[in-house]
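Below are the chains, spelled out letter by letter.
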Amino acid sequence: MKKRIITYSSIILIIAFFIVKYIEFLDVQFNVIYIENSLLYRNYNDLYASQGGNPLYETFLKVMQKKDNRIYHLLKEGKLRLQKDDKENVTFIWFRTNEGETVRNSDLTFFKYLFFKKNIFINFNFKEYFDYKENIIYKLNGNSFIAIDPLNTNKIQLKYANKINCKPCKIFVEDYFTQHTYLLIQANNIKFINSTFSNYSKEIIYQTFKDMYKNNKDTFLINLCYYNIEDLECLD
């Protein structure tokens with residue numbers, strides 16, 4: 001009888017252990033899914049741009065406290081952590097171990113969660129992270145970029161036309177030659193981010209915006225959609 005009681009008790013304890021761990025696993029899954037669909041990376045990116053480089057972690061915490069209290073508490077408790085690689089690229093992880101090994105949430109099963117202690121990589125929400133409309137001027141307001149005006153690309157077209165000795169109205173280019181870049185304009189400093197433009201085109205674009213914002217003291221972000229000068233044709 002005593003053996004049966006011990007056996008039954010052991011089975012109940014084992015079952016209870018797995019139930020508790022499974023509930024814990026689901027809680028982590030729900031939290032990671034919530035974070036991946038939040039504006040976490042977007043908020044960090046906006047703060048990075050507003051500070052002109054790597055912001056203080058305490059400053060980032062204050063921003064998240066205002067923007068998303070749930071994520072703020074996860075960061076404060078150390079469950080969600082920011083990490084940088086040797087090139088200062090930032091990612092976020094759900095922290096479980098100091099070993100540094102990570103796994104994507106989509107690849108994480110209950111079995112892996114239970115027997116392999118790995119950190120969980122927080123994926124970008126690309127729609128939110130890069131959701132700046134093309135050729136719209138965004139101005140930094142606090143720690144976020146707010147759309148203010150459409151961008152008039154005529155000044156770039158005029159610069160291009162002068163370079164190739166063509167009237168602006170005579171310039172022709174196929175739409176499939178479109179290039180993109182994010183322009184971060186801070187005071188009189190202009191940075192190209194994720195640019196597909198040629199170096200020569202970037203020089204002309206840089207000078208165009210330098211002239212446009214020569215007395216600027218604010219911070220702007222523009223998702224520029226235009227063409228390389230090398231792809232233009234003059235219809236004269």
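Quantities reported herein were computed from a predicted structural model and do not represent experimental measurements. (Residues numbered from 1 in each chain as written. Predicted model: local features only at pLDDT ≥ 70, side-chain atom pairs only at ≥ 80, totals over all residues. Heavy atoms only, no water.)

### What about the overall build of the chain?
Within the chain one finds eight helices and eleven strands. For a compact globule of 236 residues, the expected C-alpha radius of gyration is about 18 Å, and the chain comes in at 26 Å, more than 25% above that figure. Seen through its C-alpha atoms, the chain measures out along the principal axes to roughly 100 × 35 × 30 Å. The buried share of the chain, taken over its 236 residues, is 39%. Long-range pairs, those at least 24 residues apart, make up 65% of the contacts in the chain between residues at least 6 apart in sequence. As displayed, the chain offers around 14600 Å² of accessible surface, 53% of which is attributable to carbon and sulfur atoms. (Helix = DSSP H or I, 4+ residues; strand = E, 2+ residues; numbered from the N terminus. Rg over C-alpha atoms; globule rule 2.2 N^0.38 Å. Buried < 20%, exposed > 50% of the residue type's maximum accessible area, 1.4 Å probe, protein only. Contact = heavy atoms within 4.5 Å. Areas by Shrake-Rupley, 256 points an atom, 1.4 Å probe, with all protein chains shown as cover.)

### With respect to the nonpolar core
Ranked by size, the top nonpolar core spans 26 residues in total, and within it Ile-35, Leu-40, Phe-60, Leu-75, Leu-80 and Phe-92 carry the most contacts. Listing elements by their share of this core, those giving two or more residues are helix H1 (2–36), helix H2 (40–51), helix H3 (57–67), helix H4 (69–77), strand E2 (90–94) and strand E4 (119–121). For Leu-80, the residues in contact, after removing those within four places along its chain, are Ile-35, Leu-40, Tyr-57, Ile-71, Leu-74, Leu-75, Phe-92, Ile-93 and Ile-122. Of all hydrophobic cores here, the second largest spans 23 residues; its members include Ile-156, Ile-171, Phe-197 and Tyr-227. (Core = buried A, V, L, I, M, F, W, Y, C linked by side-chain atoms within 4.5 Å.)

### Digging into H3
Every buried residue belonging to H3 is among Phe-60, Leu-61, Val-63 and Met-64, and all of these are buried. Here the buried residues of H3 occupy an arc of 160° about the axis, which is enough to place them on one side. Residues Lys-62 and Lys-66 are exposed on H3 and point more than 90 degrees away from its buried face. Buried residues along H3 sit in contact with H2, H4 and E2. (Arc of directions from axis to C-beta.)

### Observations concerning the environment of Phe-111
Secondary-structure assignment places Phe-111 in helix H5 (residues 110–115). With a relative accessible area of 52%, Phe-111 lands in the exposed category. Residues Phe-111 and Phe-25 lie 86 residues apart in sequence; the distance between their C-alpha atoms is 9.9 Å.

### Points about the sheet that holds strand E3 (residues 102–104)
One open sheet holds the four strands; their spatial order is E1-E2-E4-E3, and the pairing between them is mixed. Looking at the sheet topology across the chains shown, the edges are occupied by strand E1 (80–84) and E3. Direction aside, the axes of adjacent strands within the sheet are offset by 45° on average. Across three bridges, E3 lies against E4 in parallel orientation. By the bridge assignment, Arg-104 is partnered in E4 with Phe-121. (Pairing = 2+ DSSP bridges. Axes fitted to C-alpha atoms, helices over the stretch in contact; angles between N-to-C directions.)

### A short note on the pairing of E2
It is a general feature of regular strands that their side chains alternate between the two faces of the sheet. Burial analysis of E2 places five of its five residues in the buried class, which makes it a mostly covered element. Here E1 runs beside E2; their pairing, made up of five bridges, is antiparallel. Of the residues in E2, the one forming a bridge with Gln-83 is Thr-91. Judged from the two bridges that link them, E2 and E4 form a sheet pairing that is antiparallel. Paired with Trp-94 across the bridge in E4 is Ile-120.

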